[in-house]
Amino acid sequence: MADLPPLTSRDRRALRTQVLNGLIEVDAQIVALTRSFDDIVAASEDSNVDDEHDPEGTTIAFERQQVAALLRQAKVDREALLVARDHVEQPSYGVCEYCRGFIGVERLLALPAATRCIACAS
Ligand SMILES: [Zn+2]
């Protein structure tokens, strides 16, 4: 049997809480970003600006891209947290997927969806 990460049941409870809090946060972020995105789209439709030539249109297009990028990232984070939510109950949670070493409690508490140790992640 492979070495299991030295996580105590208290560590696991704390990590599970981190994952669930992370999900609540990212859900709120997705709601807020979706609202901003819709507002930007509505604003650009209202003003009927020409994205190509109107300087304001360029700003709106830029903002829209920024919000879209943040929204994409939030959805990626959410997927990772959903995987972590199931994984945190498994004995293998906390094992680096790359070197099979222990990711470390500190790192997991900061990044509960981390699947690699700090050495392998960089
Ligand atoms: Zn590693």
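Fair warning: this is a prediction, and the values are worked out from it, not measured in the lab.

The rules behind the values
Residues numbered from 1 in each chain as written. Predicted model: local features only at pLDDT ≥ 70, side-chain atom pairs only at ≥ 80, totals over all residues. Heavy atoms only, no water. Donors = N, O, S within 2.8 Å, 3.2 Å for Na, K, Ca; no water. Tetrahedral: all angles 85-135°; square planar, octahedral: opposite > 155°, others 65-115°. Helix = DSSP H or I, 4+ residues; strand = E, 2+ residues; numbered from the N terminus. Expected span 1.5 Å × (residues − 1). Buried < 20%, exposed > 50% of the residue type's maximum accessible area, 1.4 Å probe, protein only. Contact = heavy atoms within 4.5 Å. Axes fitted to C-alpha atoms, helices over the stretch in contact; angles between N-to-C directions. Parallel < 35°, antiparallel > 145°, perpendicular 65-115°, else oblique. Left-handed = near helix turned anticlockwise from the far one by under 90°. Nonpolar A, V, L, I, M, F, W, Y, C, P; charged D, E, K, R; others polar. Salt bridge = Lys/Arg side-chain N within 4 Å of Asp/Glu carboxyl O.

*Asks:* Mind laying out the coordination of the zinc ion, listing which residues take part and the relevant values?
*Replies:* In this structure, C96 (SG), C99 (SG), C117 (SG) and C120 (SG) serve as the protein donors to the zinc ion, at separations of 2.2 to 2.4 Å. One can describe the site at the zinc ion as tetrahedral: its 4 donor atoms subtend angles covering 102 to 119° at the metal. We note that the donor set of the zinc ion lies within a single chain, spaced as C-x2-C-x17-C-x2-C.

*Asks:* If you had to explain helix α1 (residues 9-47) to someone new, which residues and values would you point to?
*Replies:* The end-to-end C-alpha distance of α1 is 57 Å, a good match for the 57 Å that 39 residues give at a rise of 1.5 Å each. For α1, the set of buried residues is D11, L15, V19, G22, L23, V26, I30, L33, I40 and S44. Elements that come into contact with the buried residues of α1 comprise α2 (55-87) and α3 (105-110).

*Asks:* I'd like a description of the packing of α1 against α2, backed by residues and values.
*Replies:* Their axes nearest at 9 Å, the elements α1 and α2 cross at an angle of 160°. Compared by their axis directions, α1 and α2 come out roughly antiparallel. Every pair of crossing elements has a handedness; the one defined by α1 and α2 is left-handed. Tallied by class, the residues present in the contact of α1 with α2 amount to 18 nonpolar, 6 polar and 7 charged.

*Asks:* Residue-level account of the pattern of salt bridges, with values.
*Replies:* Two side chains with opposite charge may pair up if their charged atoms get near one another. Summed over all chains, the structure comprises 3 salt bridges. Across the salt bridge formed by E89 and R16, the nearest N and O atoms sit 2.4 Å from each other. With E89 in the loop between α2 and α3 and R16 in helix α1, this residue pair connects regions lying 73 residues apart in the sequence. Owing to a relative accessible area of 48%, E89 belongs among the partly exposed residues under this scheme. On the accessibility criterion, R16 (39% relative accessible area) is partly exposed. The salt bridge involving E97 is made with R116; its shortest N-O contact spans 3.1 Å.

*Asks:* An account of unusual backbone geometry is requested, with residue identities and associated values reported.
*Replies:* Despite not being glycine, R100 shows a phi value in the positive range, around 65°. Examined against the element boundaries, R100 turns out to sit in the loop between α2 and α3. Look at R100 and you get exposed, because its relative accessible area is 57%.

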